[in-house]
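Descriptive structure summary
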There are 2 protein chains.
Amino acid sequence: MNNRLAEKMAAVLKAIAHPDRLMIIEILAGGEKCVNKIVERLDSSQSLTSQHLNLMTNKGVLARRREGLHIYYRIANRDVLKILRCLFRHCRNR
Amino acid sequence: MNNRLAEKMAAVLKAIAHPDRLMIIEILAGGEKCVNKIVERLDSSQSLTSQHLNLMTNKGVLARRREGLHIYYRIANRDVLKILRCLFRHCRNR
DNA sequence: CAACTATATTAAGATATTTTAATATACTTA
DNA sequence: TAAGTATATTAAAATATCTTAATATAGTTG
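Bear in mind that the values here come from a model prediction, so they are computed numbers and not experimental data.

This next bit is on the pairing of strand S2 (residues 62-67) of chain A. Residue and element names in this part refer to chain A. The pairing of S2 with strand S3 (residues 70-75) spans six bridges and is classified as antiparallel. Within S3, the residue paired with Glu 67 across the bridge is His 70. Linkage of S2 to S3, two consecutive antiparallel strands, is achieved through a turn of two residues, within which Gly 68 is found at a positive phi near 65°.

As structure tokens, then:
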């Protein structure tokens, strides 16, 4: 692992290293959702959720598409789910 | 995933979400090493490296043992390596 | 025990992340 | 086109992380 790659890897981890953002990824694991559904399930504010969604989209973790008034978010690359599953197993028993 | 678990998971991610710390984990994947070996391979300062090592030890990612003047660090739980491998594969091609 | 080696701790400043509140934008529909 | 709904952006304050430099500690050896 060279320095450049280590930085890329750290950037991906930082993009998901937040409780709300992990929950968002879990919510989207079940398929794409529009923002207000995500806000409801998170029990967080619209603004903050939107910022989390934007951050993860900019970092390539999520992708979005518009359909009328709604914007649907989805997981951009399923690799992230693998990482989450390892992490989940690791944390569940401790 | 409940809130408590999401926080635990985020804490583990934060503990490793730093280029130097990822490199340290990779170095230790080959077996335990003492601090000065790690410092050499990282090309970072003794103090900063020691702080990274402490942080990861406190968060349960690493473990250490003393042998005379040297303190040997090792990976506390191999789950972390699985996470890193997923992440590595994810980042290598982008 | 003095000098040395290996490592840890501390404090401070720099930088980044998180959160809130207010406001803006984009699209839809009456 | 005005009002309404869904979402995004911005700015500021609060908090956390990162880095450096200086110093402390713990063990070893002459």
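Moving on from the coordinates now.
Judged by pairing direction, the sheet is antiparallel, and its three strands sit side by side in the order S1-S3-S2 (chain A) without closing on themselves. Single-partner strands in this sheet number two, and they are strand S1 (33-34) and S2 of chain A.

Moving on: the packing of helix H1 (residues 3-16) of chain A against helix H2 (residues 19-29) of chain A. Between two packed helices, what matters for the description is the angle formed by their axes and the separation of those axes. All names here are of chain A. Close contact between H1 and H2 brings their axes to 7 Å; oriented N to C, the two are set at 85°. By the angle between their axes, H1 is roughly perpendicular relative to H2. For the pair H1 and H2, contact is made by Lys 14, Ala 15 and Ile 16 and by Arg 21, Leu 22 and Ile 25, respectively. Split by residue class, the contact of H1 with H2 holds four nonpolar, no polar and two charged.

Residues Ile 25 and Leu 62 of chain A together with Ile 25 and Leu 62 of chain B are the most contacted members of the largest nonpolar core, which totals 64 residues. In this view, Leu 62 of chain A contacts Ile 24, Leu 28, Leu 53, Met 56, Thr 57, Tyr 73, Arg 74, Ile 75 and Ala 76 of chain A; residues no more than four positions away in its chain are not counted.

Our next topic: the protein's contact with DNA strand D. Neighbouring residues of DNA strand D: 23 residues in total, closest Asn 36, Gln 46, Ser 47 and Tyr 73 of chain A together with Ser 47 of chain B. At the protein interface, 58% of the atoms of DNA strand D within 4 Å belong to sugar or phosphate. Between DNA strand D and the protein, one listed contact pairs a base nitrogen with a side-chain N or O atom of Gln 46 of chain A at 2.7 Å. Here a phosphate oxygen of DNA strand D sits 2.7 Å away from a polar atom, N or O, in the side chain of Tyr 73 of chain A. Of all the secondary-structure elements, those providing two or more residues to the surface near DNA strand D are helix H3 (35-42), helix H4 (46-58) and S3 of chain A together with helix H4 (46-58) of chain B. A total of five residues in the surface near DNA strand D trace back to one element, the largest contributor, which is H4 of chain A. For the surface near DNA strand D, the residue count by class is seven nonpolar, eleven polar and five charged.

Now for the relation of the copies chain A and chain B. Between chain A and chain B, the superposition needs a rotation of 180° and an axial shift of 0.0 Å, giving an RMSD of 0.0 Å. Both copies of the chain, as the preceding transformation shows, are related through a two-fold rotation axis. For chain A, the smallest separation between a C-alpha atom and the rotation axis is recorded for Ile 83 of chain A, amounting to 2.7 Å. When the interface residues of chain A are mapped onto chain B, 100% of them again fall at the interface, so both copies present the same face.

Close to DNA strand C lie 22 residues; His 18 and Ser 47 of chain A together with Asn 36, Gln 46 and Tyr 73 of chain B are nearest. Taking all atoms of DNA strand C within 4 Å of the protein, the share assigned to sugar and phosphate is 58%. Going through the elements one at a time, H4 of chain A together with helix H3 (35-42), H4 and strand S3 (70-75) of chain B are the ones with two or more residues in the surface near DNA strand C. Broken down by element, the residue count for the surface near DNA strand C peaks at five residues, all from H4 of chain B.

The rules we used
- Residue numbering note: each chain is counted from 1, following its sequence as written.
- Here every chain gets a letter starting at A, and every ligand a number starting at 1, in the order they are written.
- Local features in this predicted model are restricted to residues whose pLDDT is 70 or higher, and side-chain atom pairs enter the listing and the counts only when it is 80 or higher, whereas totals over whole chains, interfaces and linings include all residues.
- With hydrogens and water excluded, all non-hydrogen atoms of the structure serve as input to the side-chain values.
- By this definition, two strands are paired if DSSP reports at least two bridges between them.
- Elements are defined by DSSP. Helices are runs of H or I of four residues or more, strands are runs of E of two residues or more, and each kind is numbered from the N terminus.
- Angles shown run from 0 to 180 degrees and are taken between the N-to-C directions of axes, each axis being a line fitted to C-alpha atoms and, for helices, limited to the stretch in contact.
- For classification, angles of less than 35 degrees are called roughly parallel, those exceeding 145 degrees roughly antiparallel, those between 65 and 115 degrees roughly perpendicular, and all remaining angles oblique.
- Note on contacts: a residue pair is in contact if any heavy atoms of the two residues lie within 4.5 Å.
- Under this grouping Gly is polar, as are all residues other than the nonpolar Ala, Val, Leu, Ile, Met, Phe, Trp, Tyr, Cys and Pro and the charged Asp, Glu, Lys and Arg.
- Put simply, buried Ala, Val, Leu, Ile, Met, Phe, Trp, Tyr and Cys residues joined by side-chain atoms within 4.5 Å make one nonpolar core.
- Think of it in three bands: with a 1.4 Å probe and only protein chains considered, a residue is buried below 20% of the maximum accessible area for its type, exposed above 50%, and partly exposed in between.
- We define proximity as follows: a residue is near a molecule or strand when any one of its heavy atoms falls within 4 Å of that partner.
- Throughout this description, a polar contact denotes any pair of N or O atoms lying within 3.5 Å of each other; where both atoms belong to protein, one of them has to be capable of donating a hydrogen while the other can accept it, and for residues adjacent in sequence the pair is counted only when both atoms sit in side chains.
- All copies are superposed by least squares; the fitting set is the C-alpha atoms of residues with a pLDDT of at least 70 in both.

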